[in-house]
Amino acid sequence: MNDNNILGVVLAGGKSKRFGEDKNLAKLGNITLLEHVLKKVTKKFNKTLIISNQNLNIKKLNSVTIVPDCIQGNLGPLVGVLTAMKWIKKNNEKYQWVATFPCDTPFFDISMIDEVKRISKKNIKKLYFLKSGEKRHNIFGLWSIQLKDILEKDINNNFRKVEEWADKIGLETININHEKFDSFLNINTKEDLEEAKKNLDKI
């Protein structure tokens, strides 16, 4: 199994209610939150999807495609994952895995992606989430596309929460060493953004 078996996916379809505006376009330093995440993900994957229902004013890259949710209504990250899986099938791509990343967590260590790739080669489970300390990070995930049909069925049966669906399916965690600074810091509010600005040197 090689790296071409994994499609990088940035989930950017949320409503940003707590932030008050589209946080994908909020600036941290001289680039946006979304661009910080893309900068890391595109270094490690040949192809990256952005799942977003917004008009994103970002630099066009041949390796990046923006796709809206396959089910309208901002129903959450599970729909974003399903969208990526359906895109793979529709375009007859050969990817066997979807690796997901949140759009609002710019500090994550890029070396985590190497660990995700390593785990994918073991092919023991169909679903993996990153974990630091006692906290499981449900949007930093590695999803086998073999889950597509059951995911679609469960979404149609009103499953919405990633955590609940994952617990139902069964998963493994990939433990990441937790340093003094929380590299999984996600930016939900303007206050979070101000805190992030104090730590720009850690990106």
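Below is a summary of the structure that appears in this document.

**Observations concerning the pairing of strand β7 (residues 127-132)**
In terms of burial, β7 is largely enclosed, as five of its six residues are buried. Two strands pair when backbone bridges link them, and β7 and strand β8 (residues 135-144) are joined in this way by six bridges, in the antiparallel orientation. When the bridges of β8 are listed, Y128 appears paired with L142. Count of turn residues in the β7/β8 antiparallel hairpin: two residues, of which G133 carries a positive phi of about 60 degrees. In this sheet, strand β9 (residues 172-175) lies alongside β7 in parallel orientation, the contact comprising four bridges. Across the sheet, residue L130 finds its bridge partner in β9, namely I174.

**Observations regarding helix α5 (residues 162-169)**
If you check which residues of α5 are buried, you get V162, W165 and A166. All buried residues of α5 project into a common sector of 100 degrees when viewed along the axis, lining one side. Those residues of α5 that are buried lie in contact with α2 (77-90), β7, β8 and α4 (148-156). A positive phi of about 100 degrees marks G170, the residue just after α5.

**Remarks on the nonpolar core**
By size, the foremost hydrophobic cluster in this structure holds 28 residues, and its most contacted members are L34, I50, F101, F108, L130 and L142. Within the residue set of this core, elements represented by two or more residues are β1 (6-11), α1 (33-44), β6 (97-102), α3 (111-122), β7 and β8. In contact with L34, not counting residues within four places along its chain, are V10, A12, N24, I50, L56, I58 and C103. Residues L7, V81, W87 and V98 belong to the second largest nonpolar core, which totals 27 residues.

**A closer look at empty space enclosed by the protein**
Over the atoms a probe the size of a water molecule is rolled, and this reveals where empty space is left. The full count for this structure, using the stated rule, is one cavity of 30 Å³ or more. If you add up the space inside the largest cavity, you get close to 50 Å³. Lining the largest cavity, in full, are T100, F101, V116, Y128, F129, L130, F140, G141, L142 and I174. Sorting the residues of the lining of the largest cavity by element identifies β6, β7 and β8 as the ones contributing at least two each. When grouped by side-chain class, the residues that make up the lining of the largest cavity number eight nonpolar, two polar and no charged.

**Examining unusual backbone geometry**
With phi around 55 degrees, N92 is a residue other than glycine that occupies positive phi space. We classify N92 as exposed; its relative accessible area is 64%. Positive phi outside glycine occurs at N158, with the angle close to 75 degrees. The exposed category is assigned to N158, whose relative accessible area is 58%.

**Description of the packing of aromatic side chains**
Scanning the entire structure with this criterion turns up eight aromatic pairs. Residues F101 and F140 carry aromatic rings whose centres are separated by 6.1 Å and whose planes lie at 90 degrees to one another, so their mutual orientation is edge-to-face. Of this pair, F101 sits in strand β6 while F140 is found in strand β8, placing the two residues 39 residues apart along the sequence. As far as the burial class goes, F101 and F140 line up, both buried.

**A closer look at the sheet that holds strand β5 (residues 64-67)**
Read across the open sheet, the seven strands follow the order β5-β4-β1-β6-β8-β7-β9; overall the sheet is mixed. The open sheet has two free edges, formed respectively by β5 and β9, since each of these has just one partner strand. Pairs of neighbouring strands in the sheet enclose a mean axial angle of 30 degrees, with direction left out of account. As defined by bridge partners, strand β4 (residues 48-51) adjoins β5 across four bridges and the pair is classed as parallel. Residue pairing for β5: L49 is matched across the bridge by T65.

Thresholds applied
- Residues numbered from 1 in each chain as written.
- Predicted model: local features only at pLDDT ≥ 70, side-chain atom pairs only at ≥ 80, totals over all residues.
- Heavy atoms only, no water.
- Buried < 20%, exposed > 50% of the residue type's maximum accessible area, 1.4 Å probe, protein only.
- Helix = DSSP H or I, 4+ residues; strand = E, 2+ residues; numbered from the N terminus.
- Pairing = 2+ DSSP bridges.
- Arc of directions from axis to C-beta.
- Contact = heavy atoms within 4.5 Å.
- Core = buried A, V, L, I, M, F, W, Y, C linked by side-chain atoms within 4.5 Å.
- 1 Å grid on protein atoms, 1.4 Å probe; cavity = no way out; pocket = protein on both sides within 12 Å on 5 of 7 lines; lining within 4 Å.
- Points joined across faces, edges and corners; volume = space filled by probe spheres on them.
- Nonpolar A, V, L, I, M, F, W, Y, C, P; charged D, E, K, R; others polar.
- Phe/Tyr/Trp six-rings, centres within 6.5 Å; stacked < 30°, edge-to-face > 60°.
- Axes fitted to C-alpha atoms, helices over the stretch in contact; angles between N-to-C directions.

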